[in-house]
Amino acid sequence: MGLRDVTRTDLTLLHAPSVYDFRKRTMMMGPIADAVPSTDEFEMYPVGLTSIATYLGRNHYNVRIVNLAYRMLRDPAFDVVERLRGMHSVMFGIDLHWLPHANGALAIGELVKRLHPESYVLYGGLSSSYYHRELIGYPFVDFVLRGDSTEEPCRQLLSALRRGAPLDTVENLTWKKPTGEAVVNPLTFVPGDIDYVNVPDYLYAVMTVFKYRSLEDIAPYARWLRHPTTMLLGARGCSFDCSVCGGSASAYREICLRSQPAYRSPERLVSDIRAIRTFSRGPIMLIHDPRIGGMPRAERFFVLLKKENITNEMVFELFSPAGEDFFQMVQRSVPRWSLEISIETPSEELRRLDRLKFPVPNALVEKTISGALSHGCNRLDLFFMVGLPHQTYEDVMSVVPYCEHLLKVNEDGRLRFFVSPLGPFLDPGCQAFEDPVLGCRSFYRSLEEHRKALLLQTWRSILSYETDAMTRSQIIDASYDVAAALNELKHRHGLIDNETFRWVASQQKAAKEVLRKVEEALLLPEGERERAIEEIQSKVEGAKMDTLFSKRELDWPSDEGLRIGGSLLLALARGFIREAAYSAFRAAGRYDTEVYEGTRIPMVPAQVQRGSHPVG
Ligand code: B12
Ligand code: SF4
């Protein structure tokens, strides 16, 4: 043991862009990322990378996160190969959580193995868990860690590798023997709650900015420094079962063997807020409806919130109607709060057929909206979706008169509307992917098919499914048409200014035009095709953003930015002392001191878990 052990990186976690060579390719992916903070390269990494890093740190492993996607977006000259060549790590972990990373995540893994054949390559995340058997078949993949909670299995894996111990006791691990034979260890690490770890661990992220003197490696998405929205993870898993969601109760049952969500306790959520407040005045969003873990948990959370006197704007989601009592409780607890509600469609019948949130009459949806606004809700964002099973073009367009109807009684500008298509892929593991009877036909099933699809250059070809009511072309037309009509409605009612209205309208026009031109160019003979594509390349880049609505419309009213003050400096000082102690323990060869001892709720008996996966 010695200096080498102190400085050695045990695990480097890499976040890849959606498509590896996106900077060289002409791609018209469509408005797949309009409703999220990222660009269409999905540069945001899963929050769980911070919890893996922090948990392993507590066990004295040296871990680093590198957001390659963000780096590549920010700097056109950023040389991925050279950067990776210069990194040395016992293991490289790559997240393949969101399937739209199928191309980039696999390409980065292949590259890492080529540059560092002596290092191990590990994958994890929801999509990795779903496709673990297929994934382990790629020659450059050594390990896949399955499930929604991999901090402890990751520790077990590093520990076994360090000691040269057998791998068959590492929980949730898919691996291969030297002969190439795949081994699927049981998925037994399914913790009952998520209090055992800091997730997300923003202070870890801030600390590493100083430790590695690099903000780019850890920045979550391109606009974050100006609009630092942070999130609280209320649960892993969900109690709802929307048929098009790969994070639904049934999908988690299949993929993660989780019988019920793992909640974060109100106490831990409030301590997460305290940590966030050391560096941010910006909005804090709680992922999942605060009520999904039951009313007592929600009530406790709001009681604790009240005691904290939080000045940041709090943003909550609702999955079902709420009444007076609930809104009074929220109003009493926080001075500034907003809501996000995704009813997906104004059609009550579709919500019921597609097993979506708000499976109730519209009257109850409307009562919930008015209730929230009359109890001080700062802003209420209402989301709709295009491309649902059984949803016709007319159903999609009915969003516009419905929004107009809602504006008649909520006209002070706090109610906002957003519509976006489901895509680019139907989530593997969701009911609509697994069972075509529910109204979706998937063009791509395997991981490899999705990887290749991402190279097809246009939204029409990349979109992985059609429904019993709309073809891919109809989904595209409906998306642009409804967005154009909604843009006009918002302008007419003063919800957006002239500049935003004109910008979005011109972006919509440009996007449709460019999509048509790229498709025409792709039909040309070789030689001519490349020339034609090159000519439109700059237009493609310009027509990628804000084609349904402007990303600025999603910014919260009290978007106040970062804060550097005494409490942050104190937290950093504590962090550095902790880091120094971890290094000393590493030098002394002391690892694995804080192993998990919580309760677990395994879903099914071990013999069924082995190889139980539906695909691969
Ligand atoms: C919160 C959330 C978001 C947040 C992201 C927050 C974040 N940075 O993580 C926002 C709103 C930004 C978002 C965006 C998107 N999302 Co989303 N999201 C969710 C949601 C509601 C919860 C996710 C969650 O609970 N995570 C917690 C756990 C599971 O993950 P974690 O703690 O981050 O990581 C643990 C494990 O996943 C694993 N792991 C993850 N990465 C790695 C890497 C390695 C090496 C290892 C070992 C392990 C590992 O270990 C971690 C620690 O234990 C789910 C729905 C659901 N109920 O799951 C959808 C969900 C995950 N999202 C989904 C999708 C499709 C998207 C988008 C692509 C949508 C779009 N077209 O814009 C974008 C992608 C954004 C991007 N990359 O830039 C799908 C994914 C389906 C699939 N298999 O591809 C889901 C399942 C449902 C849905 N349709 O919304 N999302
Ligand atoms: S879309 Fe439905 S199933 Fe998926 S996380 Fe949201 S409420 Fe849960």
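Look up: the structure comes first, before these words.
Residues numbered from 1 in each chain as written. Chains lettered and ligands numbered in written order. Predicted model: local features only at pLDDT ≥ 70, side-chain atom pairs only at ≥ 80, totals over all residues. Heavy atoms only, no water.

Here the focus is the sheet that holds strand β15 (residues 415-421). What the six strands build is an open sheet, ordered β8-β11-β12-β13-β14-β15; its pairing is parallel. Each edge of the open sheet carries a strand with a single partner, namely β8 (230-233) and β15. Averaged over all pairs of adjacent strands, the angle between strand axes in this sheet comes to 25°, irrespective of strand direction. Sheet topology note: the β8/strand β11 (residues 284-287) ladder contains four bridges and is parallel. Its bridge partner lying in β11, T230 is registered against I284. Packed on one face of the sheet, helix α13 (residues 324-333) meets β12 (314-318) and β13 (337-344) and runs near 145° to β13. (Pairing = 2+ DSSP bridges. Helix = DSSP H or I, 4+ residues; strand = E, 2+ residues; numbered from the N terminus. Axes fitted to C-alpha atoms, helices over the stretch in contact; angles between N-to-C directions. Contact = heavy atoms within 4.5 Å.)

The next subject is the site of ligand 2. Around ligand 2, a shell composed of C238, F240, C242, C245, S248, F319 and K357 is seen. Here the shell around ligand 2 is built from residues that sort into five nonpolar, one polar and one charged. (Near = heavy atom within 4 Å. Nonpolar A, V, L, I, M, F, W, Y, C, P; charged D, E, K, R; others polar.)

Moving on to the packing of aromatic side chains. Using the criterion set out here, one finds 19 aromatic pairs in the structure. Each ring, one from Y130 and one from F433, has its centre 6.2 Å from the other, and the planes form 80°; the classification is edge-to-face. Of the two residues, Y130 is situated in helix α6 (residues 126-130) and F433 in helix α18 (residues 431-434); the sequence distance between them amounts to 303 residues. Like Y130, the residue F433 is buried in the burial classification. Among the aromatic residues, those joined into a ring-pair cluster are F301, F302, F316, F326, F327 and W337. (Phe/Tyr/Trp six-rings, centres within 6.5 Å; stacked < 30°, edge-to-face > 60°. Buried < 20%, exposed > 50% of the residue type's maximum accessible area, 1.4 Å probe, protein only.)

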